[in-house]
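Chain by chain, the residues:
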Number of protein chains: 2
Amino acid sequence: MNYPNGKPFYGNKSQVGRTHKEEKGKINYGGRGMSLENDIELSNTHYLKLGQAVIHKKPTPVQIVNVHYPMRSKAVINEAYFRTPSTTDYNGIYNGHYLDFEAKETKNKTSFPLNNMHEHQVLHMDACFEQGGTVFLLIRFKLIDEVYLLPYSKFKYYWHRFKKEIKKSITVEEIRKNGYYIPYQYQPRLNYLKAVDKLILDESEDRV
Amino acid sequence: MNYPNGKPFYGNKSQVGRTHKEEKGKINYGGRGMSLENDIELSNTHYLKLGQAVIHKKPTPVQIVNVHYPMRSKAVINEAYFRTPSTTDYNGIYNGHYLDFEAKETKNKTSFPLNNMHEHQVLHMDACFEQGGTVFLLIRFKLIDEVYLLPYSKFKYYWHRFKKEIKKSITVEEIRKNGYYIPYQYQPRLNYLKAVDKLILDESEDRV
């Protein structure tokens, strides 16, 4: 059991709840201002509604130590700790394909820093890929507001380069070359399954 | 956002943590005394190690309301609530197949009571099945210590029967007839992928 070391908890807004109201008041102009996580959640809801895919974000893993039952209506967890996730955040099924992916945002304009990724998450992605899964990263460059799908099969090379201490990040150019650009559109705003379609097609050709 | 109504928290022992030590002291004779959840966890670890499948239990969904940072080393969640899960507990990939299932134990000797299942979990199973997933229930009859895999495609009928208020449960005989018995063995003790193999074979014949 590991605990993140003193890192404040920012992620997973959808589960923190109390931030919801403030966010609802905001008006979104194009792709700006919305977090990648929010966009993915909206897309997943859309896909589910239309029967196109069943993809969910996994709950934040929490080590529950103490639960209090002050009244009949609500159990209160009053001591719990964050655990390090052992998998990626998202998985599900799309037209018979197992999908598994991690979503990351960076404020960096020119590259995606690889210290953003946990070793065990990469091991998980590798295991899923070996089982025949469709595995990838969704990376959003916040400041230029561009989102890319980077297949695990391509990511692998950069991860090895990182582990060998050759280069700490993947450049935007490398991502543009090896990934799929996901343009914002009307509904769903981030139609990442379109990029997944291309990936599935490309990988089926590679695997044959 | 829903909260379970005053239900005490028993499940998900692997995440409660502090019960671990006590459990380690126990010696297991055959299949007895081990929870279904524990058995599945051991099987999943075994499958992962051998590169046979990547299947994980989803973390308990928790609504985090307040986090305290008393010192640098550990963030403490001091107010959180249980949320109703919107999916099943387990999913993953096995040799290219998307697996999705729920595990349930019952003390009932002769039937599996269907009030054990949440409506939204069944809807989730249905959606995954429609996408081509391999979807099922693992049911353990605690007192006779027998475990069965019941395919969602068969479960569906009994769920409708339940919703129409015709019958509140599935009898052991019905489960024996429509499901796959999973005998305890040496390693992993609960080799449920053997039953999954049969299910995949049977369903591929049905779907053709």
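This write-up is about the structure you can find in this document. (Residues numbered from 1 in each chain as written. Chains lettered and ligands numbered in written order. Predicted model: local features only at pLDDT ≥ 70, side-chain atom pairs only at ≥ 80, totals over all residues. Heavy atoms only, no water.)

Things to note about the nonpolar core
And step 1. With 47 residues, the main nonpolar core has Phe155 of chain A together with Phe155 of chain B as its most contacted residues.
And step 2. Not counting chain neighbours up to four residues away, the residues in contact with phenylalanine 155 of chain A comprise Leu114, Met117, Val122, Leu137, Leu150 and Ile170 of chain A. (Core = buried A, V, L, I, M, F, W, Y, C linked by side-chain atoms within 4.5 Å. Buried < 20%, exposed > 50% of the residue type's maximum accessible area, 1.4 Å probe, protein only. Contact = heavy atoms within 4.5 Å.)

Here's the deal with the sheet that holds strand E3 (residues 76-82) of chain B
And step 1. Read from one edge to the other, the open sheet built from 4 strands follows the order E2(A)-E3(A)-E3(B)-E2(B), with strand pairing classed as antiparallel. Pairing within the sheet leaves two strands with one partner each, and these edge strands are strand E2 (62-68) of chain A together with strand E2 (62-68) of chain B. Recorded for the sheet is a direction-independent mean angle of 35° between the axes of neighbouring strands.
And step 2. For E2 of chain A and strand E3 (residues 76-82) of chain A, the ladder comprises 6 bridges, and the chain directions are antiparallel. Paired with histidine 68 of chain A across the bridge in E3 of chain A is valine 76 of chain A. (Pairing = 2+ DSSP bridges. Helix = DSSP H or I, 4+ residues; strand = E, 2+ residues; numbered from the N terminus. Axes fitted to C-alpha atoms, helices over the stretch in contact; angles between N-to-C directions.)

Here we look at the packing of helix H4 (residues 119-130) of chain A against helix H5 (residues 152-163) of chain A
Residues and elements named next belong to chain A.
And step 1. For the pair H4 and H5, interaxial distance at closest approach is 11 Å and the crossing angle is 145°. The two elements H4 and H5 cross, and the hand of that crossing is left-handed. Seen from H4, the contacting residues are Glu119, Val122, Met125, Asp126, Phe129 and Glu130; seen from H5, they are Tyr152, Ser153, Phe155, Lys156, Trp159 and Lys163.
And step 2. For the contact of H4 with H5, the per-class residue count stands at 6 nonpolar, 1 polar and 5 charged. (Left-handed = near helix turned anticlockwise from the far one by under 90°. Nonpolar A, V, L, I, M, F, W, Y, C, P; charged D, E, K, R; others polar.)

Description of the environment of histidine 97 of chain A
All names here are of chain A.
And step 1. The topology assignment puts histidine 97 in strand E5 (residues 97-106).
And step 2. The partly exposed category is assigned to histidine 97, whose relative accessible area is 30%.
And step 3. Sequence separation of histidine 97 and glycine 132 is 35 residues, and the distance between their C-alpha atoms is 8.7 Å.

Remarks on the environment of serine 204 of chain A
And step 1. Turning to its location among the elements, serine 204 of chain A is positioned in helix H7 (residues 192-207).
And step 2. In terms of polar contacts, serine 204 of chain A uses its side chain to reach the backbone carbonyl oxygen of leucine 201 of chain A, at 2.8 Å. (Polar contact = N/O pair within 3.5 Å; in protein donor to acceptor, adjacent residues only side chain to side chain.)

A look at the sheet that holds strand E4 (residues 90-94) of chain B
Residue and element names in this part refer to chain B.
And step 1. The mixed open sheet is built from 6 strands, whose spatial order is E1-E4-E5-E7-E8-E10. Two strands lie at the open edges of the sheet, namely strand E1 (54-57) and strand E10 (180-182), each paired on one side alone. Here the strands of the sheet are splayed against their neighbours by 25° on average, with no regard to which way each runs.
And step 2. Where E1 lies against E4, 4 bridges are found, and the strand directions are antiparallel. If you follow histidine 56 over to E4, its bridge partner there is asparagine 91.

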